[in-house]
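Here is how the chains run, residue by residue.
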Amino acid sequence: MMEKLSAKEFDKNLAEVSRKLDNALQKIGKDRKDVILLAATKTVDTETINYALSKGIDYIGENKVQELLSKEDKINPCHRHFIGHLQTNKVKDIINRVEMIHSVDSLKLAREISKQAVKNDKKMEILLEINIGEEDSKWGFDAENIISNIKEIAKLPNVKIRGLMAIPPICEESEENRKYFKKMKKLFVDISDENIDNVDMDILSMGMSDDFDIAVEEGANLIRLGTALFGRRIYNI
Ligand SMILES: *Cc1c(COP(=O)(O)O)cnc(C)c1O
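Now for a description of the structure that goes with this document. Bear in mind that the values here come from a model prediction, so they are computed numbers and not experimental data.

Definitions and limits used
Residues numbered from 1 in each chain as written. Predicted model: local features only at pLDDT ≥ 70, side-chain atom pairs only at ≥ 80, totals over all residues. Heavy atoms only, no water. Near = heavy atom within 4 Å. Polar contact = N/O pair within 3.5 Å; in protein donor to acceptor, adjacent residues only side chain to side chain. Areas by Shrake-Rupley, 256 points an atom, 1.4 Å probe, with all protein chains shown as cover. Nonpolar A, V, L, I, M, F, W, Y, C, P; charged D, E, K, R; others polar. Salt bridge = Lys/Arg side-chain N within 4 Å of Asp/Glu carboxyl O. Axes fitted to C-alpha atoms, helices over the stretch in contact; angles between N-to-C directions. Helix = DSSP H or I, 4+ residues; strand = E, 2+ residues; numbered from the N terminus. Parallel < 35°, antiparallel > 145°, perpendicular 65-115°, else oblique. Left-handed = near helix turned anticlockwise from the far one by under 90°. Contact = heavy atoms within 4.5 Å. Buried < 20%, exposed > 50% of the residue type's maximum accessible area, 1.4 Å probe, protein only. 1 Å grid on protein atoms, 1.4 Å probe; cavity = no way out; pocket = protein on both sides within 12 Å on 5 of 7 lines; lining within 4 Å. Points joined across faces, edges and corners; volume = space filled by probe spheres on them.

**Focus: the site of the ligand**
- The local shell around the ligand consists of Ala40, Lys42, Asn63, Ile83, Ile167, Met208, Ser209, Arg224, Leu225, Gly226, Thr227 and Arg233.
- Backbone polar atom of Gly226 to an oxygen atom of the ligand: 2.8 Å apart, as the coordinates give it.
- Burial of the ligand by the protein amounts to 91% of the accessible area it has alone, namely 380 Å².
- Looking at the shell around the ligand residue by residue, the class counts come to 5 nonpolar, 4 polar and 3 charged.

**Description of the pattern of salt bridges**
- Summed over all chains, the structure comprises 21 salt bridges.
- A network of salt bridges, in which partner residues are shared, links Lys27, Glu175, Arg178, Lys182, Glu217 and Glu218.

**Observations concerning the packing of helix 5 (residues 107-119) against helix 6 (residues 146-154)**
- The geometry of helix 5 relative to helix 6 is characterised by a closest axis approach of 10 Å and an angle of 15° between their N-to-C directions. Comparing the axis directions of helix 5 and helix 6 gives the class roughly parallel. Where helix 5 crosses over helix 6, the handedness of that crossing is right-handed. Together, Leu107, Ala110 and Arg111 of helix 5 and Asn149, Glu152 and Ile153 of helix 6 make up the contact between the two elements.

**Remarks on unusual backbone geometry**
- Unusually for a residue other than glycine, Thr43 sits at a positive phi of about 70°.
- Checked against the element boundaries, Thr43 lands in the loop between strand 1 (36-40) and helix 2 (46-54).
- Owing to a relative accessible area of 3%, Thr43 belongs among the buried residues under this scheme.

**Quick word on empty space enclosed by the protein**
- Counting across every chain of the model gives 1 cavity of 30 Å³ or more.
- Of the pockets and cavities examined, the largest cavity occupies roughly 80 Å³.
- Elements supplying a minimum of two residues to the lining of the largest cavity: strand 2 (59-62), helix 3 (65-71) and strand 3 (79-82).
- A per-element tally of the lining of the largest cavity places strand 2 first, with 3 residues.
- Tallied by class, residues from the lining of the largest cavity come to 4 nonpolar, 2 polar and 5 charged.

Laid out in structure tokens, this is it:
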């Protein structure tokens, strides 16, 4: 878990994030309404999460099913997303608890989400996770064959593809990730140009604490921030 964050520290972190974000947006002629700031709340206690919500954060993302379930009753109303690797057998546990799943990384998972969504008579919004750094250790679709996968997933009932998500490789210098963000943006535009039925390419989820400003400059419109808002996690789960 984390040391509990004081309100003052959170305010300071949020002000710094806002400053960096505004700076990046200014460079590309966009403003705050163009980017969703999602708080990645793993290991963060619910009191701190509620404080963040009171300060204008509207979106939160958890990346572990168990943690999401244990916190959900104590969190005030907000947009809740799932952002971590999801095992197919856990889809049923979150199907009614989140608005969007960012981390759809296989056809098998997409099929299970569709099946559970049908069963629960709801529509689930999804982003497809791309393994943009082509790392063996990472989940996600390969950029090369994403179009054929998207066409398959787009046919599934009760799921709606809203865009793409990526976690680029860990690097020393955040500038090193700019090339991956550029690749993601190109892929996003290429898919959009295909005009596939039931596919809206309107959310590009990329950029975390160390590189969100660069991601925004390259076209991210949803950034996922943990450390920059809540401080360093003791256990990096
Ligand atoms: C933890 C996490 C983040 C936020 O990471 P920070 O580097 O702490 O900002 C973003 N996305 C996902 C999927 C995460 O698990």
